[in-house]
Amino acid sequence: MQAIVADSISKSFGNVLAVDKVSFTLASGEILGLIGPNGAGKTTTIRMVLDIFIPDSGSIRVFDQPMSEELKNRVGYLPEERGLYQDISVEKCLRYLASIKGMAHNLIEERLESYLDKFELQDCRKKKVKELSKGMQQKAQLIATFIHQPQLVIVDEPFSALDPVNTQMVKDLLREEKARGTVIMLSTHQMNQAEELCDRILLMNKGKIVLEGPLDKVRTQFAKAEILVRSPSPIPADLPGIAKCLPENAHTRLILKPEANAKSVLAAMIERGVELEQFEVAVPSLDEIFIQVVTGRGRQA
Amino acid sequence: MKKIWLVFRHEYTRRVKTRGFIFAVLSMPLLVILSMGMAVASVSLQTSKLPAGYVDQSGVLANAQIEPESGFTIGRVDLLPYTQIETGQEALAGEQIQALFVIPPDYLQNGEVIIYANDPPGENATARMRDFLESSLVAGETSLVKNRIREGSNFTVRSLDGSRQAGMRDWFVVLFPFLTGLVFIVVINISGGYLLQSIVDEKENRTMEVIITSISPEQLMVGKILGNLCVGLTQLLIWLIFAAIGLAGMQAIYHFSPTPAISAGQIGILAGIIIPGFILIAALMTLVGVSVTDMREAQQVSLMFTLPMVAPYWFAGAVLQHPENILTAILSIFPLTAVVTMPLRLSIASVPLWQVLLAAVLMWGSAIGAMVLAARAFRVGMLQYTRRIPFKKLFKDDSHE
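Quick caveat, the model's predicted, so the values are computed rather than measured. (Residues numbered from 1 in each chain as written. Chains lettered and ligands numbered in written order. Predicted model: local features only at pLDDT ≥ 70, side-chain atom pairs only at ≥ 80, totals over all residues. Heavy atoms only, no water.)

## Observations concerning the nonpolar core
Alright, step 1. Of all hydrophobic cores here, the largest spans 136 residues; its most connected members are Phe24(A), Leu97(A), Leu152(A) and Phe184(B).
Alright, step 2. The greatest single-element share of this core, amounting to 12 residues, is contributed by helix 10 (residues 264-291) of chain B.
Alright, step 3. Among residues more than four places away in sequence, those in contact with Phe184(B) are Ile274(B), Gly277(B), Phe278(B), Ile281(B), Met309(B) and Val339(B).
Alright, step 4. In terms of nonpolar packing, the next biggest core, distinct from the first, is built from 14 residues, Tyr54(B), Leu61(B), Phe101(B) and Phe132(B) among them. (Core = buried A, V, L, I, M, F, W, Y, C linked by side-chain atoms within 4.5 Å. Buried < 20%, exposed > 50% of the residue type's maximum accessible area, 1.4 Å probe, protein only. Helix = DSSP H or I, 4+ residues; strand = E, 2+ residues; numbered from the N terminus. Contact = heavy atoms within 4.5 Å.)

What follows is the structure, given as structure tokens:
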């Protein structure tokens, strides 16, 4: 079953078209990365999925039905900007947010203990939310997102304000949730995190989807005829099939001629007795793909 | 419904358990008790406890017996009879008495009483003497006549059609709408303040975005309105309990007649106008809360409809003296002023039925309209963090935005 089916959804604010006929699906057991520059329409899309905004046109179905009160209990949401009551204690705040997700009192207490342990917030449970650091507040917000064990989770910039240790903890949590069968939609600017976690990406720009697909396929689609090599000796510039030889920090980037391929270049290097410590077909990072797609620029060769 | 209840409980408990609320609730009765205590202590300290003397030259008090005081006065005094003015003056000079009352021979003709005193005598002494004279004058009458003279007559004004009547001593008939209006203004200001704060805070700290992924904006709005309204009512209830205790204490001390009962008609009319009044103001507060960007602005804008609520008190004199004139009629029909004016007008005049019905219809219509508008504003404005919603947008756009 598809967790989300968005069919040609659009949303305008005044004269600004924030989302323009966007369609996508999110399958069970998947982590979908929603990426794009600021103002691309990511948050508006998320808010439409969550029924906070009603699309001007198009339709959204979650677990094969329109969003409803009952369905809201099966969805978890971590907004980009923290949304916790500042003037009450952490535990009171979390209890309330869990209760309006339809959880029974006993279950709330049980899960609260478990999550406070997991996120190392036991010592802060009686403190007012405003007394916590940004990172701690982010952890409390994550508990509020996951405490009712939702089937669909939408997380908007979950790593902001977290140190590397806590970032790793959140990544582990997202993987655990995925293994538990939770469907996750992850919106982030941090491409390395998306690369690490997502099965599929959806790149938005100016309200439209400009790139979509499994990460491997996207990379292959953007792969260039380039090879990264590391050698203790200089790379001969006149190797057959090499158009350019660009020394970089720890390696040299070889730009291939159109008729050449990695196999023929490797054979030529062995034949010429080049000592190799690394030979790797260059795969573009998500960062590079992002910049290329959004700005329309490729690598400055 | 369950989620409305959860929001209601959350809103209510997070307010009433705060130190600020407890302080606000207790400060008023404590202040009243303290003021009353200081007033009593001040009067008590300044009032002489010495007995008062009297010389009866008129013979009015010849067979009089000094009865114990029926009511409470601060600094109870005894009355001592003297046969000669000189003897009484000697006692006064020797500070055995605080004042000497001389009832001249022609007292029955002109009612004049002469008081000898070093300082002006206390109210306790003069009141005691006045009561003593009155009871002596009616000593030969039956107890029925004595009571009637003591309590006086009650004049009742009745309209020609018999639709209403009011006793001139029924002070409560006029006071009740005044008090009801004041109670309404107090409760709505307390509740409205909390409601405004709650909405503006949730917008500012972005909690609203999280909440509405669990419940609908309408459920959130209704839960908030009810929760904060109950906070105001709780505060009022506690004050009323203190007031009732104080009243009971005063009754026990001063022996005055019990509080008059409220008629079913009063309850019906007040409920018919006050309930939609609460809804109207709560909806307007919600509208303001979601339309603006911070608390200061919210308070400034909310003055636009809290000020008209107290306007009838500025015109109270005109309303009481001319309950039928055009200004009074307008004030009693216009929704924001009707809550105070219409009950007041009904208590002192025969208001045409069409005006009462028109006021009720307008009040309910405004309340429902304001709720619809507030719900729309809630959806439009709940995620507008940094800019105000233009008012015309509320009428144009019905989508979440």
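And the narrative resumes.
## A few points about a nonpolar patch on the surface
Residues and elements named next belong to chain B.
Alright, step 1. Residues Leu 303, Leu 307, Trp 314, Phe 315, Ile 326, Leu 327, Ile 330 and Phe 334 make up a contiguous nonpolar surface patch of about 820 Å² in total accessible area.
Alright, step 2. Sorting the residues of the nonpolar patch by element identifies helix 11 (295-314) and helix 13 (326-333) as the ones contributing at least two each.
Alright, step 3. Here Phe 315 shows up in the loop between helix 11 and helix 12 (316-321).
Alright, step 4. For Phe 315, a relative accessible area of 31% translates into the label partly exposed. (Patch = residues over 30% accessible without salt bridge, like charges linked within 9 Å, V, L, I, M, F, W, Y side chains within 5 Å. Areas by Shrake-Rupley, 256 points an atom, 1.4 Å probe, with all protein chains shown as cover. Salt bridge = Lys/Arg side-chain N within 4 Å of Asp/Glu carboxyl O.)

## Looking at the sheet that holds strand 1 (residues 2-13) of chain A
Residue and element names in this part refer to chain A.
Alright, step 1. On the basis of which strands lie adjacent, the open sheet formed by 3 strands has the order 2-1-4 and antiparallel pairing. Edge strands, defined here as strands with exactly one partner in the open sheet, are strand 2 (16-27) and strand 4 (57-62). Taken over all neighbouring pairs, the strand axes of this sheet differ in orientation by 15° on average, direction set aside.
Alright, step 2. Pairing of strand 1 with strand 4 involves 5 bridges; the strand directions are antiparallel. Counted as the bridge partner of Ile 4 is Val 62 from strand 4.
Alright, step 3. Each of strand 1, strand 2 and strand 4 touches helix 1 (residues 42-49); the most contacted strand, strand 1, lies at about 120° to it. (Pairing = 2+ DSSP bridges. Axes fitted to C-alpha atoms, helices over the stretch in contact; angles between N-to-C directions.)

## With respect to the pairing of strand 10 (residues 226-230) of chain A
Residue and element names in this part refer to chain A.
Alright, step 1. Among the 5 residues of strand 10, 4 are classified as buried, and the element is accordingly described as predominantly covered.
Alright, step 2. In this structure, strand 10 lies alongside strand 12 (residues 252-256), joined through 4 bridges in antiparallel fashion. Across the sheet, the residue bridging to Val 229 is Thr 252, located in strand 12.
Alright, step 3. Bridging between strand 10 and strand 13 (residues 278-281) involves 4 bridges; their strand directions are antiparallel. Looking at strand 13, one finds that Ile 227 is bridged to Val 281.

## Quick word on the packing of helix 13 of chain B against helix 15 (residues 353-381) of chain B
All names here are of chain B.
Alright, step 1. Packing of helix 13 against helix 15 brings their axes to within 8 Å, and their N-to-C directions diverge by 40°. Looking at the two axes, helix 13 sits oblique to helix 15. Side by side, helix 13 and helix 15 meet where Ala 329, Ser 332 and Ile 333 of the first sit next to Gln 355, Leu 358, Ala 359 and Leu 362 of the second.
Alright, step 2. Across the contact of helix 13 with helix 15, the residue classes break down as 5 nonpolar, 2 polar and no charged. (Parallel < 35°, antiparallel > 145°, perpendicular 65-115°, else oblique. Nonpolar A, V, L, I, M, F, W, Y, C, P; charged D, E, K, R; others polar.)

## What to know about the sheet that holds strand 12 of chain A
Residues and elements named next belong to chain A.
Alright, step 1. Strands sit in the order 11-12-10-13 across an open sheet of 4 strands; the sheet is antiparallel. At either end of the open sheet lies a strand with only one pairing partner, and these are strand 11 (242-247) and strand 13. Taken over all neighbouring pairs, the strand axes of this sheet differ in orientation by 20° on average, direction set aside.
Alright, step 2. Along the sheet, helix 9 (residues 262-271) makes contact with strand 10, strand 11, strand 12 and strand 13, crossing strand 13 at roughly 165°.

## Details of unusual backbone geometry
Alright, step 1. Although it is not a glycine, Phe63(A) sits at a positive phi angle of roughly 50°.
Alright, step 2. Within the secondary structure layout, Phe63(A) lies in the loop between strand 4 and helix 2 (69-72).
Alright, step 3. Despite not being glycine, Glu95(B) has its phi angle at roughly 55°, a positive value.
Alright, step 4. Its place among the elements puts Glu95(B) in the loop between helix 3 (85-93) and strand 3 (99-103).

## Remarks on the packing of aromatic side chains
Alright, step 1. Under the counting rule described, the total for this entry stands at 7 aromatic pairs over all chains.
Alright, step 2. Centre to centre, the rings of Tyr115(A) and Phe119(A) are 6.3 Å apart; their planes meet at 25°, and the pair counts as stacked. Like Tyr115(A), the residue Phe119(A) is buried in the burial classification.
Alright, step 3. Consider the rings of Phe8(B) and Tyr12(B), whose centres lie 6.1 Å apart with planes at 10°: the pair is stacked. Residue Phe8(B) and its partner Tyr12(B) are both found in helix 1 (residues 2-16); the two are separated by 4 residues, about one turn of the helix.
Alright, step 4. Judged by relative accessible area, which is 22%, Tyr12(B) ranks as partly exposed. (Phe/Tyr/Trp six-rings, centres within 6.5 Å; stacked < 30°, edge-to-face > 60°.)

## Let's talk about the environment of Pro79(A)
Alright, step 1. The topology assignment puts Pro79(A) in the loop between strand 5 (75-78) and helix 3 (90-99).
Alright, step 2. With 36 residues separating them along the chain, Pro79(A) and Thr43(A) place their C-alpha atoms 8.9 Å apart.

## Some remarks on the interface of chain B and chain A
Where interface size is quoted, it is often the accessible area lost as the parts come together.
Alright, step 1. Contacts between chain B and chain A engage 24 residues on the former and 28 residues on the latter.
Alright, step 2. One can count 2 salt bridges joining chain B with chain A.
Alright, step 3. Among the ionic pairs, Arg47(A) bridges to Glu209(B), the shortest N-O distance being 2.9 Å.
Alright, step 4. Our count for the contact surface shared by chain B and chain A stands at 10 residue pairs in polar contact (both at pLDDT 80 or more). (Polar contact = N/O pair within 3.5 Å; in protein donor to acceptor, adjacent residues only side chain to side chain.)

## Observations regarding helix 3 of chain B
Residue and element names in this part refer to chain B.
Alright, step 1. Those residues of helix 3 that fall on the buried side of the exposure criterion are Ile 85, Gly 88, Ala 91 and Leu 92. Buried residues of helix 3, seen end-on, are gathered within an arc of 125° and therefore sit on one face of the element. The exposed set on the far side of helix 3, more than 90 degrees from its buried face, consists of Glu 90 and Ala 93.
Alright, step 2. Those residues of helix 3 that are buried lie in contact with strand 1 (52-56), strand 2 (79-82), strand 3 and strand 4 (114-116).
Alright, step 3. The positive-phi residue at the C-terminal boundary of helix 3 is Glu 95, with phi of around 55°. (Arc of directions from axis to C-beta.)

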